[in-house]
Amino acid sequence: MNILVCIKEVPDDSVAVSVVDDRAAIDSITPVVNAFDTYSLEMAVRLKEEVEGQVTVLSIGGEDVKNSLKNCLAVGADKAYLVKRDDYRNLDAKMITEILMGAKAKLEEELGKFDLVCFGKETTDAEGSQVGVYFANKSDLGVVTSVIEMKLDGDKLITKQEIDGGYREIETKTPCVVTIAKPDYEPRYPTIKSKMAARRQKIEDFEVTCYSSLTLEEIKDFEPKKREAGVKIQEEEPEDSVAKAIAIMKEQKVL
């Protein structure tokens, strides 16, 4: 099975972000592979191990993104490619999709047709949840979103989709697109041996023409309003506590 996994490098979301002069101070935050993309890669590698095949990782960004791509090679990807764009943070979903579609077409000339294209369900920096679905629509491929399990049955991909209040099983023919949510397991860690092997692998980079003229300009970042401290009621008798709570609610006009 020939699988393409599209990843994005984002600021580490475990680090608190402050706003300075109407801009999020992210330059000092170490970039990492988007969390949902790491789940996507792990599920793709597990599927490859079950049915045999190849996993190719693709990203858009500057030269430094190659470090993240090498990490992907260290945890099971077979090949990695980078579309060189230093302005990748300013690209909108349509432009990103066009670039990824062009890159996929170029890679298929070398690697053959992809049976499955995997995305994380969203990125932790933008949280748009658009690119995977837009990519499938523009490519005229079936798509299943928020997948937490998948297996291959002939030319059919059987998926478990996470929905509000539960799950449902969806079957689609390959080639197709999936967007991946968090499964019941964590992505694997690289070994020293796999890290050394990844360092030796060459990451190809190339350019793709994007025909969309729309560009986005970030006007302002701002921090969410801080939640005010609550009121503690610590009366000696329960009846007094209830009476005080009711009095406070009446004062705040919530009763």
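Our structure is the block above this text.
Analysis parameters
- Residues numbered from 1 in each chain as written.
- Predicted model: local features only at pLDDT ≥ 70, side-chain atom pairs only at ≥ 80, totals over all residues.
- Heavy atoms only, no water.
- Core = buried A, V, L, I, M, F, W, Y, C linked by side-chain atoms within 4.5 Å.
- Buried < 20%, exposed > 50% of the residue type's maximum accessible area, 1.4 Å probe, protein only.
- Helix = DSSP H or I, 4+ residues; strand = E, 2+ residues; numbered from the N terminus.
- Expected span 1.5 Å × (residues − 1).
- Axes fitted to C-alpha atoms, helices over the stretch in contact; angles between N-to-C directions.
- Parallel < 35°, antiparallel > 145°, perpendicular 65-115°, else oblique.
- Left-handed = near helix turned anticlockwise from the far one by under 90°.
- Contact = heavy atoms within 4.5 Å.
- Nonpolar A, V, L, I, M, F, W, Y, C, P; charged D, E, K, R; others polar.
- Pairing = 2+ DSSP bridges.
- Salt bridge = Lys/Arg side-chain N within 4 Å of Asp/Glu carboxyl O.
- Patch = residues over 30% accessible without salt bridge, like charges linked within 9 Å, V, L, I, M, F, W, Y side chains within 5 Å.
- Areas by Shrake-Rupley, 256 points an atom, 1.4 Å probe, with all protein chains shown as cover.
- Lys, Arg positive; Asp, Glu negative; His and termini not counted.
- Charge placed at Lys NZ, Arg CZ, Asp CG, Glu CD.

### Side note on the nonpolar core
Ranked by size, the top nonpolar core spans 61 residues in total, and within it Ile 3, Leu 41, Leu 58, Leu 100, Leu 116, Met 150 and Val 178 carry the most contacts. With eight residues, the top contributor of residues to this core is helix α3 (residues 93-111).

### Describing helix α1 (residues 35-51)
In an α-helix, one turn spans 3.6 residues; hence positions three or four apart end up facing the same way. When the terminal C-alpha atoms of α1 are compared, their 25 Å separation across 17 residues agrees well with the 24 Å that a helix rising 1.5 Å per residue should span. Regarding α1, the residues found buried are Phe 36, Asp 37, Tyr 39, Ser 40, Leu 41, Glu 42, Met 43, Ala 44, Val 45, Leu 47 and Lys 48. In the stretch just after α1, Glu 52 is the one whose phi turns positive, near 70°.

### Re the packing of helix α2 (residues 65-74) against helix α5 (residues 192-200)
Between two packed helices, what matters for the description is the angle formed by their axes and the separation of those axes. In contact at an axis separation of 8 Å, α2 and α5 are set at 130° when each is read in the N-to-C sense. Here α2 lies oblique to α5, going by the angle between them. Between α2 and α5 lies a crossing whose hand is right-handed. Between α2 and α5, the contacting residues are Lys 70, Leu 73 and Ala 74 on the first element and Ser 194, Lys 195, Ala 198 and Arg 199 on the second. Here the residues of the contact of α2 with α5 are counted per class, giving three nonpolar, one polar and three charged.

### Brief notes about the sheet that holds strand β6 (residues 54-61)
Taken together, nine strands build an open sheet; the order of strands is β11-β10-β9-β12-β8-β1-β6-β7-β13 and the sheet is mixed. A single partner strand is all that each edge strand has here, and the edge strands are β11 (166-173) and β13 (204-206). With strand direction ignored, the average angle separating the axes of adjacent strands in the sheet is 35°. Bridge count for β6 against strand β7 (residues 79-84) is six bridges, and the pairing is parallel. Pairing of Ser 59 across the sheet is with Leu 82, part of β7.

### Topic: the pattern of salt bridges
Tallied over the entire structure, the rule returns 14 salt bridges. A salt bridge links Glu 108 to Lys 113; the nearest nitrogen and oxygen atoms lie 3.6 Å apart. Judged by its relative accessible area of 13%, Glu 108 falls in the buried class. The exposure class assigned to Lys 113 is exposed, which follows from its relative accessible area of 64%. Salt-bridge contacts for Glu 186 lead to Lys 182; the nearest nitrogen and oxygen are separated by 2.9 Å. Glu 186 sits in the partly exposed class, given a relative accessible area of 48%. Members of the salt-bridge network, linked through shared partners, are Glu 42, Arg 46, Glu 49 and Arg 188.

### Overview of a negative patch on the surface
On the surface, a cluster of negative charge is made up of Glu 236, Glu 237, Glu 239 and Asp 240. Looking at the element boundaries, Glu 237 is found in the loop between β13 and α6 (238-251). When its relative accessible area of 43% is taken as the criterion, Glu 237 is described as partly exposed.

### Describing the environment of Ala 181
Within the secondary structure, Ala 181 sits in the loop between β12 (176-180) and α5. Through-space distance from the C-alpha of Ala 181 to that of Glu 162 is 7.6 Å; in sequence the pair is 19 residues apart. In contact with Ala 181, other than residues within four places in its own chain, are Phe 36, Tyr 39, Lys 121, Ser 146, Val 147, Ile 148 and Glu 162.

Remember, this is a structural readout, not a statement about activity or role.
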